[in-house]
Amino acid sequence: MAETDLQDRDVETLLRGEGEQFDDENRLKAEFVREVRDALNIEDTGRVYSLVEPLHPADIADLLELLEPDERRDAASAITDLMSSEVIAELNDYVREVMVEALPAAAVAEIAEQLDTDDAVQLIEDLDKPDQQAVLAELDPEDRAAIETALAYPDETAGRLMQRELVAVPEHMTVGDLIDYTRDSDQMTTEFWEVFVVDHRHRPVGTCQLSWILRSPRNIALTDVMKREQTLIPVDMDQEEVALRFQKYALISAAVVDEDGRLVGQMTVDDIVHIISEEAGEDALLMSGAGEGDINEPIRDAYADRVRWLIANLGTALIASFIIAAFDSAINQLVALAILMPIVPSLGGNAGTQTMAVTVRAIAMNQLTRANTKRMVWREFRVAMLTGGTVALIIGAGVGAIFGPMLGGVIAAAMIINIVTASIAGVAVPVLFERLKQDPAVASSVFVTMITDSMGFFAFLGLAVAFGLVG
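A brief report on the enclosed structure follows. As the structure is a computational prediction, the values presented were derived from the model and not from experiment.

Analysis parameters
Residues numbered from 1 in each chain as written. Predicted model: local features only at pLDDT ≥ 70, side-chain atom pairs only at ≥ 80, totals over all residues. Heavy atoms only, no water. Pairing = 2+ DSSP bridges. Helix = DSSP H or I, 4+ residues; strand = E, 2+ residues; numbered from the N terminus. Axes fitted to C-alpha atoms, helices over the stretch in contact; angles between N-to-C directions. Patch = residues over 30% accessible without salt bridge, like charges linked within 9 Å, V, L, I, M, F, W, Y side chains within 5 Å. Areas by Shrake-Rupley, 256 points an atom, 1.4 Å probe, with all protein chains shown as cover. Salt bridge = Lys/Arg side-chain N within 4 Å of Asp/Glu carboxyl O. Lys, Arg positive; Asp, Glu negative; His and termini not counted. Charge placed at Lys NZ, Arg CZ, Asp CG, Glu CD. Buried < 20%, exposed > 50% of the residue type's maximum accessible area, 1.4 Å probe, protein only. Polar contact = N/O pair within 3.5 Å; in protein donor to acceptor, adjacent residues only side chain to side chain. Contact = heavy atoms within 4.5 Å. Parallel < 35°, antiparallel > 145°, perpendicular 65-115°, else oblique. Nonpolar A, V, L, I, M, F, W, Y, C, P; charged D, E, K, R; others polar. Phe/Tyr/Trp six-rings, centres within 6.5 Å; stacked < 30°, edge-to-face > 60°. Core = buried A, V, L, I, M, F, W, Y, C linked by side-chain atoms within 4.5 Å.

1. Considering the sheet that holds strand E3 (residues 204-209)
Phase 1: The strand order E1-E2-E3 describes an open sheet built from three strands, whose pairing is mixed. Two strands in the sheet have a free side with no partner beyond their single neighbour: strand E1 (168-170) and E3. Across this sheet, the average inter-strand angle for adjacent strands is 35 degrees, counted without regard to direction.
Phase 2: Two elements, strand E2 (residues 194-198) and E3, share five bridges in a ladder whose sense is antiparallel. The residue of E3 that forms the bridge with Val198 is Pro204.

Structure follows, in structure tokens:
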């Protein structure tokens, strides 16, 4: 069914007051999902199809994600001809993989042919090798060649993510030639807003926006209206660097070139929005050690991602425990130390996390480089002195009023020392990981926590002993 027909039917349904499968927030109702599950349990595929068929592709994707993993394959089999490219594109990565594996190779190939090459690659890349080959064998030779070429590039590079659907014309054309070409060609991509002008070696020499073409006389040469300054994307550039270029130069699209400078594809801003969202979420989850953090991620994978960092955190926590154990006699003599000592590492940990978040973001946005690392450290030191001094004044006054001025001064000094240490560690640890060619978001939090906990306990208990609060 045409998309316009589907939209018209959805509008009519809303006007009639129907659409009982949705709640007030436009989410699928639990009752509707339960009805689909009941039909799956009794293997009533006709009922499943009749329930799902009126849904918009995005809602079908939502429904599949709400079903249990073992129900998704049955649902996909029951609604095979409803599993359009729009549905597949809306699915969560993990759910998509299950759905694709449940469909015949011919059906997957048919879906892939409806997609842009970048989306088709994303559909096929996660399949096992035998399944990949089976799907590729069902594709048209041209589509197969394009997808195989993309799969040959490393993951998360421009070559893997680029679109091959673009409009490229020789530089000798006039505006009129280009307009006639776009009207007469029946194999051209239907959606484009920029035309790439190439030389005889198929190297991009400029770009023409559609608005320029429509407003220029037919006899004007493209070389007279095209924009010669371009931001070219190497085919092996990492997706984060691609996103940074789009953000820095305010790009809508950009040509992707191979090692010889030939035009092989393009990156568009809609792809970049997805990359930025994906990278931001990935960094936030990696900083917490939660892995990919997807609720559809298999339990075994989630366990493997999380447990290793918890074990590492256990090891770093033991270091802090050994420091506490070294002052056990002091703690036994003055109970106030046991009451107050968790405060110092806790505040230091928060300060370290704040600085670390700023640093990781600055590294990801290419704002923090070797050229300004010292300035960043000095900046965070000054911020730490101000925040640490403020917190130390508050906690010192409170503790001094309750336990005496000497202990108030000790905890205030320990607080400043630990917050300053935490802030420096929050910069140094991610920078060190980045210099070692490791993702600074992966394990920075574990080591920063170790430093702040250890320094917090050591500073507080050490100063208490040094100032004679205990024998």
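Back to the text.
2. Some points on a negative patch on the surface
Phase 1: Where like charges cluster on the molecular surface, the negative patch consists of Glu110, Glu113, Asp140 and Glu142.
Phase 2: When you line up the elements, Glu142 lands in helix H11 (residues 141-151).
Phase 3: Looking at Glu142, the relative accessible area reads 68%, which means it is exposed.

3. Thoughts on the side chain of Ser216
Phase 1: With respect to the helices and strands, the residue Ser216 is situated in the loop between helix H14 (210-214) and helix H15 (222-225).
Phase 2: Judged by relative accessible area, which is 18%, Ser216 ranks as buried.
Phase 3: Engagement of the side chain of Ser216 in a polar contact is seen with the backbone oxygen of Trp212, the distance being 2.6 Å.
Phase 4: Residues in contact with Ser216, not counting those within four places in the same chain, are Val175 and Val225.

4. Brief notes about the packing of helix H8 (residues 105-114) against helix H9 (residues 117-125)
Phase 1: Two elements in contact, H8 and H9, have axes whose closest approach is 8 Å; the angle formed by their N-to-C orientations is 155 degrees. Between H8 and H9, the angle falls in the class roughly antiparallel. Taken together, the residues of H9 that come into contact with H8 (itself represented by Val108, Ile111 and Ala112) are Ala120, Leu123 and Ile124.

5. Things to note about the packing of helix H10 (residues 129-138) against H11
Helix-helix packing is described using two parameters, namely the angle between the two axes and the distance between the axes.
Phase 1: Running from N to C, H10 and H11 cross one another at 150 degrees; their axes reach a closest spacing of 9 Å. By the angle between their axes, H10 is roughly antiparallel relative to H11. Between H10 and H11, the contacting residues are Gln132, Gln133, Leu136 and Ala137 on the first element and Arg144, Ile147, Glu148 and Leu151 on the second.
Phase 2: Looking at the contact of H10 with H11 residue by residue, the class counts come to four nonpolar, two polar and two charged.

6. Notes on the environment of Val391
Phase 1: Relative to the helices and strands, Val391 resides in helix H22 (residues 373-403).
Phase 2: Separated by 44 residues in sequence, Val391 and Leu347 place their C-alpha atoms 8.8 Å apart.
Phase 3: When near neighbours in sequence (up to four residues on either side) are disregarded, Val391 contacts Leu347, Met415 and Ile419.

7. Some points on the packing of aromatic side chains
Phase 1: By the definition in use, this model includes two aromatic pairs.
Phase 2: Considering the side-chain rings of Phe433 and Phe447, the 5.9 Å spacing of their centres and the 50 degrees angle between planes classify their relative orientation as tilted. One end of the pair, Phe433, is in helix H23 (residues 405-435); the other, Phe447, is in helix H24 (residues 440-466), with 14 residues separating them in the sequence.
Phase 3: The class for Phe433 is buried, based on a relative accessible area of 17%.
Phase 4: Relative accessible area serves as the criterion here: at 35%, Phe447 is assigned to the partly exposed category.

8. Notes on a nonpolar patch on the surface
Phase 1: Taken together, the side chains of Trp193, Ile252, Val269 and Val273 present a nonpolar region at the surface, about 350 Å² in accessible area.
Phase 2: With respect to the helices and strands, Ile252 occurs in the loop between helix H16 (239-249) and strand E5 (253-257).

9. Some details on the sheet that holds strand E6 (residues 263-268)
Phase 1: As summarised here, the arrangement of the three strands in space is E4-E5-E6, forming an open sheet in which the pairing is mixed. Lying at the two open borders of the sheet, with one neighbouring strand each, are strand E4 (233-234) and E6.
Phase 2: Note: E5 against E6, five bridges, orientation antiparallel. The residue bridging Ala255 from the neighbouring strand is Gln266, located in E6.

10. Some remarks on the nonpolar core
Phase 1: Membership of the largest hydrophobic core comes to 45 residues, with the highest contact counts inside it found for Leu64, Met83, Leu123 and Ile124.
Phase 2: Apart from residues no more than four positions distant in its own chain, Met83 is found in contact with Leu64, Ala76, Ile88, Met99, Leu103 and Ile111.
Phase 3: Grouped together as the second largest cluster of nonpolar side chains are 31 residues, Ile331, Leu407, Val410 and Leu463 included.

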